[in-house]
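Coordinate inspection notes
What follows is each chain in one-letter form.
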Amino acid sequence: MEQDQSPEPKNNNRFLLIGALVLVLLGINGFLFYMNQQKSKQNELLQADVVSKDAKLEDQIKQYESLKADYERQSQEVQGMGLANDSLVAKLAQINSDLLKLRSFRASSFSVAEQQRFKQRAANFETQLRKKDEEIVQLKADNEALYTETTTLKERQNKLTDTISSVVRSNQELSQKVAVASRLQAENIRVNVVNSRDKEKEDTDNEFKARRVEKIKVTFNLARNDVSPKETKEIMMRLIEPDGAALYNLSTGGGTFMIDGSEAFYTAKQDIVYDNTRQPVQFTYAKGAAYKTGLHTVELYEGGVLIGKTTFTLK
């Protein structure tokens, strides 16, 4: 009987050992399952962090690309207004440098500190961009106002120039009218001849015998003219022979003067202080040789302008 009962404890120990092994295996499996779960969660968190960093990196790059486009626009606007844009060129260089750094990052290496740094720099660029936009708007407004003012001033200047030109023309026309109005006129022109015995002969028909003429005497009055100034006037006489040549002799006071831009000879000249009293004037000319027969002409000038004319005949 005792020998039949001895195997039972051994069987029980075996069952206990197997149970313990099963429990150990279950514990190990449970631990491994737990670790796998934790690792999966950690991988998911890491993946999410990578995705988040990648999105933030892309957003940051896009922000800088947008900033670059805006600063290039500003630079063109400022340059279009003819202003210096050195500061904008410098900012564009900084933005391009930051873009190169951002594009060189891998998502995993784009740390929170880098994110904050580039975010702050981008914010600063944004602030400067908006401020410059406001300055450009004001500059455009000022330029528009200046253009309008300049245009108005030019219009006024043109009107003033036209007015001045009109006044100048009017003054010139007035001066010409005054000059014409102030011209002297010789009136009551008479021609007498003086013979060798110093006797004077007058003929209402102005016809004289040439062989008896020693001197030619021309008298006239300067007509009244309230416009002409009372001053010294230079009166010239031209005695023109039948062949059209004016008599002149430098030794007896003859010379040359200008008539309508051309040089002409005068026979005699004298200075008269014009006093607007119809004062008389007299020229006496001795040729010193025989006079030619035919129609002679006497022309009287003041200031290069013809003021009187008459003719006489020597037979």
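This text gives an overview of the structure that appears in the document.

How each quantity is defined
- Residues numbered from 1 in each chain as written.
- Predicted model: local features only at pLDDT ≥ 70, side-chain atom pairs only at ≥ 80, totals over all residues.
- Heavy atoms only, no water.
- Axes fitted to C-alpha atoms, helices over the stretch in contact; angles between N-to-C directions.
- Helix = DSSP H or I, 4+ residues; strand = E, 2+ residues; numbered from the N terminus.
- Parallel < 35°, antiparallel > 145°, perpendicular 65-115°, else oblique.
- Left-handed = near helix turned anticlockwise from the far one by under 90°.
- Contact = heavy atoms within 4.5 Å.
- Nonpolar A, V, L, I, M, F, W, Y, C, P; charged D, E, K, R; others polar.
- Expected span 1.5 Å × (residues − 1).
- Buried < 20%, exposed > 50% of the residue type's maximum accessible area, 1.4 Å probe, protein only.
- Arc of directions from axis to C-beta.
- Pairing = 2+ DSSP bridges.
- Salt bridge = Lys/Arg side-chain N within 4 Å of Asp/Glu carboxyl O.
- Phe/Tyr/Trp six-rings, centres within 6.5 Å; stacked < 30°, edge-to-face > 60°.

**Considerations on the packing of helix 3 (residues 86–104) against helix 4 (residues 112–181)**
At a minimum axis separation of 12 Å, helix 3 and helix 4 run at an interaxial angle of 155°. When the axis of helix 3 is compared with that of helix 4, the two are roughly antiparallel. Crossing hand, helix 3 versus helix 4: left-handed. Between helix 3 and helix 4, the contacting residues are Ser87, Leu88, Lys91, Gln94, Ile95, Asp98, Lys101 and Leu102 on the first element and Phe118, Arg121, Phe125, Gln128 and Lys132 on the second. Here the contact of helix 3 with helix 4 is built from residues that sort into 5 nonpolar, 3 polar and 5 charged.

**Side note on helix 3**
Taking 1.5 Å of rise per residue, 19 residues should cover 27 Å, and helix 3 covers 27 Å from first to last C-alpha, within 8% of that figure. Regarding helix 3, the residues found buried are Leu88, Leu92, Ile95, Asp98, Leu99 and Leu102. Considered in projection along helix 3, the buried side chains sweep an arc of 125° and stay on one side of the axis. For helix 3, exposure combined with an orientation more than 90 degrees from the buried face picks out Asp86, Leu100 and Ser104.

**Focus on the sheet that holds strand 4 (residues 215–222)**
Ordered in space as 2-1-4-10, the 4 strands form an open sheet in which the pairing is antiparallel. Every other strand in the sheet has two partners, leaving strand 2 (200–202) and strand 10 (280–286) as the edge strands with one partner each. Each strand axis lies, on average, 30° off the axis of its neighbour in the sheet, ignoring direction. Bridge analysis of strand 4 against strand 10 gives 7 bridges, and the strand direction is antiparallel. Bridged to Phe220 within strand 10 is Val281.

**Re the pattern of salt bridges**
Overall, the coordinates contain 17 salt bridges when judged by the stated rule. In this structure, the salt-bridge partner of Lys217 is Glu200, at a minimum N-O distance of 3.0 Å. Of this pair, Lys217 sits in strand 4 while Glu200 is found in strand 2, placing the two residues 17 residues apart along the sequence. Looking at Glu200, the relative accessible area reads 43%, which means it is partly exposed. The network of salt bridges with shared partners includes Asp70, Arg73, Glu77, Glu126, Arg130, Asp133 and Lys140.

**Examining the packing of aromatic side chains**
What the rule picks out here adds up to 7 aromatic pairs. Residues Tyr71 and Phe125 carry aromatic rings whose centres are separated by 6.3 Å and whose planes lie at 80° to one another, so their mutual orientation is edge-to-face. One end of the pair, Tyr71, is in helix 2 (residues 7–80); the other, Phe125, is in helix 4, and 54 residues separate them in sequence. Judged by relative accessible area, which is 0%, Tyr71 ranks as buried.

Don't take any of this as a statement about function, it's just geometry.
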